[in-house]
Amino acid sequence: GIAAHGPFLLIEPAGRDRKNVNRNWPSENWPELISRLGQITPLTIAQLDRPMADRIPGVVPLPHTSFRQACAIVAQATLAILPSGGLQIGAAAVHTPAVVLWGGCDAATNFGFPEHVALVDPDPATPCGGFVKPCPHCAAAWARLTPQIVATAVQSELSRLAAAMLVHS
């Protein structure tokens, strides 16, 4: 089971079944992020796996068949790295720390949680509300959110979590 992997970081690329393409961090960014994470933490890197998942090489696939099972996996993660959406809400519900990737269409102030690290696009047009078709603003927002920015946020959050563990032990 999942416990055999020890403490782990959980990533969740949105997958091809996501209804709003403007909420997907470009899939080509995930392998670079995984490489960067491997340089900053010894934790296992896992991803939720389902038929329409964008599987990322070099990560442990964690299959699930329902949102409830996915949330149970999220609950066991040391830290989750997720795009905004249902699993980000699930992470808040089960008290899992998360770095949440926000593109240009949603507002972290409306749908985010203060206990999560929200990587929000700085463009004044964000959020644009682009929910119907591919949006140039959203594409530009995602292009500004580089794997380096995400890796730096993850490293900072892991340091914060480690310091909190020392204080509480």
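Rules of the game
Residues numbered from 1 in each chain as written. Predicted model: local features only at pLDDT ≥ 70, side-chain atom pairs only at ≥ 80, totals over all residues. Heavy atoms only, no water. Helix = DSSP H or I, 4+ residues; strand = E, 2+ residues; numbered from the N terminus. Buried < 20%, exposed > 50% of the residue type's maximum accessible area, 1.4 Å probe, protein only. Contact = heavy atoms within 4.5 Å. pLDDT = per-residue confidence, 0-100. Pairing = 2+ DSSP bridges. Axes fitted to C-alpha atoms, helices over the stretch in contact; angles between N-to-C directions. Disulfide = S-S within 2.5 Å. Core = buried A, V, L, I, M, F, W, Y, C linked by side-chain atoms within 4.5 Å. Phe/Tyr/Trp six-rings, centres within 6.5 Å; stacked < 30°, edge-to-face > 60°.

K.L.:
Before we go on, may I ask you to explain the side chain of Glu157 in this structure?
P.N.:
You can see Glu157 is positioned in helix H6 (residues 147–168). The exposure class of Glu157 is buried, given its relative accessible area of 5%. Leave out the neighbours within four places in its chain, and Glu157 touches Leu79, Pro97, Val99 and Val117.

K.L.:
What is the right way to read the confidence of the model for the chain from this model?
P.N.:
Close inspection of predicted coordinates is inappropriate for parts of the model with low pLDDT. Confidence in the prediction for the chain averages 88 pLDDT; 92% of positions are at 70 or higher. Across the chain, strand S5 (residues 98–101) holds the top mean pLDDT of 96, while helix H4 (residues 108–111) sits lowest at 82.

K.L.:
It is not clear to me how the sheet that holds strand S4 (residues 79–83) should be interpreted in this structure. Could you clarify?
P.N.:
Strand-to-strand pairing in sheets goes through backbone hydrogen bonds, with the strands running parallel or antiparallel. An order of S3-S2-S1-S4-S5-S6 is seen for the 6 strands of this open sheet, with the pairing classed as parallel. For this open sheet the edge positions go to strand S3 (60–63) and strand S6 (117–119), each flanked by a neighbour on one side alone. Along the sheet, successive strands turn relative to each other by an average axial angle of 25°, direction set aside. Both strand S2 (residues 44–49) and S3 contribute to a ladder of 4 bridges, which runs parallel. Paired with Ala46 across the two strands is Val60, which belongs to S3. Strands in contact with helix H2 (residues 67–76) are strand S1 (8–11), S2 and S3; relative to S1, the strand with the most contacts, it is inclined by about 140°.

K.L.:
It is not clear to me how the environment of Phe113 should be interpreted in this structure. Could you clarify?
P.N.:
Within the secondary structure, Phe113 sits in the loop between H4 and S6. In the structure, Phe113 is positioned 67 residues away from Ala46 in sequence and 23 Å away in space, judged by C-alpha atoms. In this structure, Phe113 is in contact with Gln88, Ile89 and Ala92, ignoring residues within four places of it in sequence.

K.L.:
Would you take a moment to explain the state of the cysteines for this structure?
P.N.:
Inspection of the entire model under this criterion finds 0 disulfides. Summary of cysteine pairing: Cys128 is not part of a disulfide, and the nearest cysteine sulfur, belonging to Cys138, is at 3.5 Å. Looking at Cys128, the relative accessible area reads 33%, which means it is partly exposed. Here Cys135 is not disulfide-linked; the sulfur of Cys138 is the nearest cysteine sulfur, at 3.7 Å.

K.L.:
Honestly, unusual backbone geometry in this entry has me stumped. Any pointers?
P.N.:
Most peptide bonds take the trans configuration, and most residues that are not glycine carry a negative phi. The omega torsion across Thr126 and Pro127 is 0°, close enough to zero to call that bond cis. Tracing the backbone shows Pro127 in the loop between S6 and helix H5 (136–144). Despite not being glycine, His95 has its phi angle at roughly 65°, a positive value. Mapping His95 onto the fold places it in the loop between helix H3 (86–93) and S5. Owing to a relative accessible area of 70%, His95 belongs among the exposed residues under this scheme.

K.L.:
Teacher, can you tell me more about the nonpolar core here?
P.N.:
In summary, soluble globular proteins display a tendency toward joint burial of nonpolar side chains. Among the nonpolar cores identified, the biggest contains 23 residues, and Leu101, Val150 and Val154 are the most heavily contacted of them. A total of 6 residues in this core trace back to one element, the largest contributor, which is H6. In this structure, Cys71, Ala80, Val100 and Trp102 belong to the second largest nonpolar core, which totals 18 residues.

K.L.:
Help me understand the packing of aromatic side chains, please; the structure alone is not making it clear to me.
P.N.:
Geometry of an aromatic ring pair is reported as the spacing of the ring centres plus the angle between the planes. Evaluation of the coordinates by the stated rule reveals 1 aromatic pair. With 4.9 Å between their ring centres and 85° between their planes, Trp25 and Trp30 make a pair best called edge-to-face. Taken as a pair, Trp25 and Trp30 share a single burial class, namely buried.

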